[in-house]
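# Notes for the structure review
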Amino acid sequence: MKKITLIFLIAFQFGLSQNYTEYFTGNATDVNTNHESGVCLMGGATENDNAMIWFLDKTNGGDVVVLRASGSDGYNDYFYTDLGVNLNSVTTFVIDNEAGAIDPYVLERVENAEAIWFAGGDQWDYVSFFKDNAMEDALNNFINVKQGVIGGTSAGMAILGSAYFSAENGTVTNATALSDPYHSGVALGYNDFLEIPFLENAITDTHYDDPDRRPRHTVFLARFAQDNDMRSFGIACEEFTSVCIDSEGKAYVYGDFPNFDDYAYFLQANCSSDFTPETLEIGEPVTWNRNGEAVKAYKVGGTASGANFLDLTDWETGSGGEWEHWSINNGNFTSMVGTVANCATLSVEDDFLSNEISIFPNPFSSDLNIQSKRLIEDVKLFDSMGREIEIKSENGKISGLSKLNTGVYFLKVKSDDKTVTRTLLKR
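Read on for an overview of the structure. As the structure is a computational prediction, the values presented were derived from the model and not from experiment.

### Section: the pairing of strand β15 (residues 295-301)
Where burial is concerned, most of β15 is hidden: seven out of the seven residues are buried. Side chains of β15 alternate between two faces, with Val295, Ala297, Lys299 and Gly301 and Lys296, Tyr298 and Val300 buried alike. With seven bridges connecting them, strand β14 (residues 263-269) and β15 associate as antiparallel partners. Residue Tyr263 lies in a different strand from β15, and its bridge partner there is Gly301. Looking at chain direction, β15 and strand β18 (residues 321-329) are connected through six bridges and run antiparallel. Paired with Ala297 across the bridge in β18 is Glu324.

### Quick notes on the sheet that holds strand β19 (residues 332-337)
Strands sit in the order β10-β11-β14-β15-β18-β19 across an open sheet of six strands; the sheet is mixed. Of all strands in the sheet, those with a lone pairing partner are β10 (202-205) and β19, marking the two edges. Put simply, the sheet's adjacent strands are angled 20° from each other on average, direction ignored. With four bridges joining them, β10 and strand β11 (residues 233-237) adopt parallel strand pairing. Across the sheet, Ala202 pairs through a bridge with Phe233, a residue of β11. The strands touched by helix α9 (residues 214-228) within the sheet are β10, β11, β14, β15, β18 and β19, with β10 carrying the most contacts at an inclination of about 165°.

### Observations regarding the pattern of salt bridges
Scanning all chains against the criterion turns up 11 salt bridges. In this structure, Lys58 engages Glu36 in a salt bridge whose closest nitrogen and oxygen atoms are separated by 3.3 Å. Pair noted here: Lys58 is in the loop between α1 (49-57) and β4 (63-68) and Glu36 is in the loop between β2 (20-26) and β3 (38-42), with a separation of 22 residues, a long-range link. Judged by relative accessible area, which is 42%, Glu36 ranks as partly exposed. As a salt-bridge pair, Asp205 and Arg216 come within 3.1 Å of each other at their nearest N and O atoms. Of the two residues, Asp205 sits in strand β10 while Arg216 sits in helix α9, which places them 11 residues apart along the sequence. Residue classification places Asp205 among the buried positions, given a relative accessible area of 3%. Each of the salt bridges in this network shares a partner with another, and the network as a whole consists of Lys131, Asp132 and Asp192.

### Things to note about the packing of helix α4 (residues 104-112) against helix α6 (residues 134-146)
Axis separation between α4 and α6 bottoms out at 9 Å; the angle between their running directions is 10°. In terms of their interaxial angle, α4 and α6 are classed as roughly parallel. Mapping the contact onto sequence places Val106, Leu107, Val110, Glu111 and Asn112 in α4 and Ala134, Met135, Ala138, Leu139, Phe142 and Lys146 in α6. A class-by-class count of the residues in the contact of α4 with α6 yields eight nonpolar, one polar and two charged.

### Some details on the state of the cysteines
Under the definition given, this model contains zero disulfides. The closest cysteine sulfur to the non-disulfide-bonded Cys40 is located on Cys244, 3.5 Å from its own sulfur. The exposure class assigned to Cys40 is buried, which follows from its relative accessible area of 0%. Cysteine Cys237 is unpaired, with the sulfur of Cys40 as its nearest cysteine sulfur at 8.5 Å. The buried category is assigned to Cys237, whose relative accessible area is 0%.

Conventions adopted
- Residues numbered from 1 in each chain as written.
- Predicted model: local features only at pLDDT ≥ 70, side-chain atom pairs only at ≥ 80, totals over all residues.
- Heavy atoms only, no water.
- Buried < 20%, exposed > 50% of the residue type's maximum accessible area, 1.4 Å probe, protein only.
- Helix = DSSP H or I, 4+ residues; strand = E, 2+ residues; numbered from the N terminus.
- Pairing = 2+ DSSP bridges.
- Axes fitted to C-alpha atoms, helices over the stretch in contact; angles between N-to-C directions.
- Contact = heavy atoms within 4.5 Å.
- Salt bridge = Lys/Arg side-chain N within 4 Å of Asp/Glu carboxyl O.
- Parallel < 35°, antiparallel > 145°, perpendicular 65-115°, else oblique.
- Nonpolar A, V, L, I, M, F, W, Y, C, P; charged D, E, K, R; others polar.
- Disulfide = S-S within 2.5 Å.

Right under this line is the structure:
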């Protein structure tokens, strides 16, 4: 962690009966700023300064809270002084247990923050301390109601997908995951913790270069696809690489490419009706082949400017990357040169409807309009977790959507006993 020399540092050291330690730097008076939402995912080694500046700039001079379960005050001076970004304050909480996470004072500081950063460590600490309690509620309120910027590195990145590797039983190697996808070490959580826009049904992974974690991450996606009967997604970073996702869903990649092989990877189960693994059983080697194209992977070099990206509103449109095909056959992982993902056909159950129903605007902020050459029988709106949202639809207009959280939604329009499904982005 960075060497620190704090100008204003107050460290509240507590006795054995206390449940957290606080380190504070800056102005103690809370401020409200015109902050922006976003997500910053970091691969686990030394922080990328440009990505961290992107993250801190989203606060617009606000307050940053660092949550960690080990370590001390290493981020305070780095955030507050070293990067040249104007901030009101930085507070680090080293949380010892669940009681520390749900302490009213800690929750208040989380609520008042404009940015929340999860340090590295052991992600099981974060899951066991923060999940299914008031801290989980506070974090999801921060993300989806206050719409602050959130991020993390290493274990702190690993918990940010809606699905996640919890490390409840420790880490797991490539060899173990490939040989037994239901080994106790392959401990996964599904859509039951953080709800972050653009990370729906996605599992993140870090330290992709040392060791190479592509095989086990592919097993994680295979498990999700089979266990949930849904296409799975993933984002991974090599150790000195970062992915910064803005409010529009553009995922920009930061690193020192081409000087170094700093890559991020965007993974998705292939766009096919047969996307689940061929063999995924307890104690059996994995086969997820699908003609060598089980997973579409977009490999992107991270640059100092973060110019290369993938658009997470469609997981297809990108710049500066190359597509690969990943597969597993009898426990053996393979990657090869691939072709761009094309999932448009999956969103339409009957192709002829796609040209006869128009839904706009997309992205939307409040109302939606539907123009159709056919009689509309039913309209339903779902959030990214598959939960139906009550809507008012009349005369081709859906109103009252301004209160929805920013993120991805799915609109299903039924006509002539056929259904078209459109993916929509709420600003």
